Each structure stands twice: as C-alpha cells, then as structure tokens.
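Here is how the chains run, residue by residue.
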Amino acid sequence: MGELSPIDKFREFLQTKGERLTRERSIIIEEVFAEHEHFDADTLVSRVSSNKSGRRVSRATVYRALKLLEEAGLLRKVARPNGSEVYEHDYGYPQHDHLICSKCGDLIEFTNEVISAIVEKICAENSFIKSGHRLEVYGVCAKCNAPPQRRHRKLDLV
Ligand SMILES: [Zn+2]
Ligand SMILES: [Zn+2]
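Residues numbered from 1 in each chain as written. Chains lettered and ligands numbered in written order. Predicted model: local features only at pLDDT ≥ 70, side-chain atom pairs only at ≥ 80, totals over all residues.

> When you look at the overall build of the protein chain in this model, what are you seeing that I'm missing?
Looking only at helices and strands, one finds 7 helices and 5 strands in the protein chain. Helices and strands in the protein chain line up, N terminus first, as α-α-α-α-β-β-β-β-α-β-α-α. With respect to the principal axes defined by its C-alpha atoms, the protein chain has extents near 60 × 50 × 25 Å. Relative to its full complement of 158 residues, the protein chain shows a buried share of 11%. Taking as baseline every contact in the protein chain between residues at least 6 positions apart, the subset at least 24 positions apart corresponds to 48%. (Helix = DSSP H or I, 4+ residues; strand = E, 2+ residues; numbered from the N terminus. Buried ≥ 20, exposed ≤ 12 C-beta atoms within 10 Å, placed from the backbone. Contact = placed C-beta atoms within 7 Å.)

> Explain the environment of Ser 50 here, please?
Relative to the elements of secondary structure, Ser 50 occurs in the loop between α3 (41–49) and α4 (59–71). Classification of Ser 50 as exposed rests on a count of 8 C-beta atoms within 10 Å. Considered as a pair, Ser 50 and Asn 112 are 62 residues apart in the sequence and their alpha carbons are 38 Å apart.

> Got a minute to help me understand unusual backbone geometry in this structure?
For residues other than glycine, phi is negative in most cases, and the peptide bonds are mostly trans. Although it is not a glycine, Ser 127 sits at a positive phi angle of roughly 45°. Among the structural elements, Ser 127 can be located in the loop between α5 (113–125) and β5 (136–139).

> Just checking my understanding: could you explain the pairing of strand β2 (residues 85–89) for this structure?
When a strand is regular, its side chains alternate between the sheet's two faces. Where strand β1 (residues 75–79) and β2 come together, 5 bridges link them in antiparallel fashion. The partner of Leu 75 across the bridge, within β2, is His 89. (Pairing = 2+ DSSP bridges.)

> Can you walk me through the sheet that holds strand β3 (residues 97–101) in this structure?
Strand pairing in a sheet takes place through backbone hydrogen bonds and is either antiparallel or parallel in direction. Spatially, β4-β3-β5 is the arrangement adopted by the 3 strands of the open sheet, whose pairing is mixed. With partners counted over all chains shown, the strands left at the sheet margins are β4 (107–110) and β5, one partner each. Strand-to-strand, the axes of this sheet are offset by a mean angle of 20°, without reference to chain direction. The pairing of β3 with β5 spans 4 bridges and is classified as parallel. Paired with His 98 across the bridge in β5 is Glu 136. (Axes fitted to C-alpha atoms, helices over the stretch in contact; angles between N-to-C directions.)

In structure tokens, the structure reads:
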C-alpha cells in the first residue's frame, strides 16, 4: 500500500479510465508533488505555465488534471471559510487534520493519536470500513488574534 510513486499511481488510474498520461499531465503532476504545501488552482496554473520545459499547458488542462488527481485519490480539496478552496496531497502523506483561520484563511496541520484512536473505535462499533477521515476546526489563528498594540511594543523592543 502506498508504494507506487504519485505519477505511477496516476498513470494506473488513467488507464482504468482509458486515458493517457500526456506530457502536459506529467508536467502538472511533477509540479503538484514538488513540495507539500496547500495551493489553489490559479497558483498552480501560473507555476505550470512557467515550467522549465517551456511547453505550454493551458488553464483548462490544469483544471481537468486537478479533477482527475482528486478522483484518483492523489489530491483532496479543503474549503476555506471565505469560500475559496485549496488542494493538498492525499497520497504518500500522513493522515492529518486542520485548524483553519477564518480571518486569514491559514491552514495549520496537526496529527493527534487520540483523535485517530477515537475514529477507529467509532468505525469498529459501526462495522464501518474507513478509507480516511477529515477534521476541520474553524477559528482565529494566533497571528490574527494578537492585539495590534502588542505587535507595536514588540517592534519598539527591536
Ligand atoms: Zn489568521
Ligand atoms: Zn493539510
């Protein structure tokens, strides 16, 4: 489980749909898995359009590939309180949950063994076969919560 590289897993998924891993799709997936960070579709469009191969990848191709990557279980979408959505890796990356700031939209990742154990227990009690779980906590992050005066004082000290 989880031994295939993201690109191989995507190729396999595309085959089941009778589709091919095109050069454009390879460029997109390489860019997506270059680093683990949350990103939105438009950011990816601009990252891909300045790719080193110089090959043009259209916006529509990126959007379509994102949809397929999500379907393949390689990416998942996280909705932010302002209605925008970001993507993150859902393959080859440990299960984790999010604290989501409703002011700046920041996503803070955390893992907690107690939460995981509770989820396992609930699934067992319901004879439920889990494929994953998602916990999103909404609120205000420490940065946004800091009163402006305190920030000034900190600056004065420097
Ligand atoms: Zn914030
Ligand atoms: Zn995350």
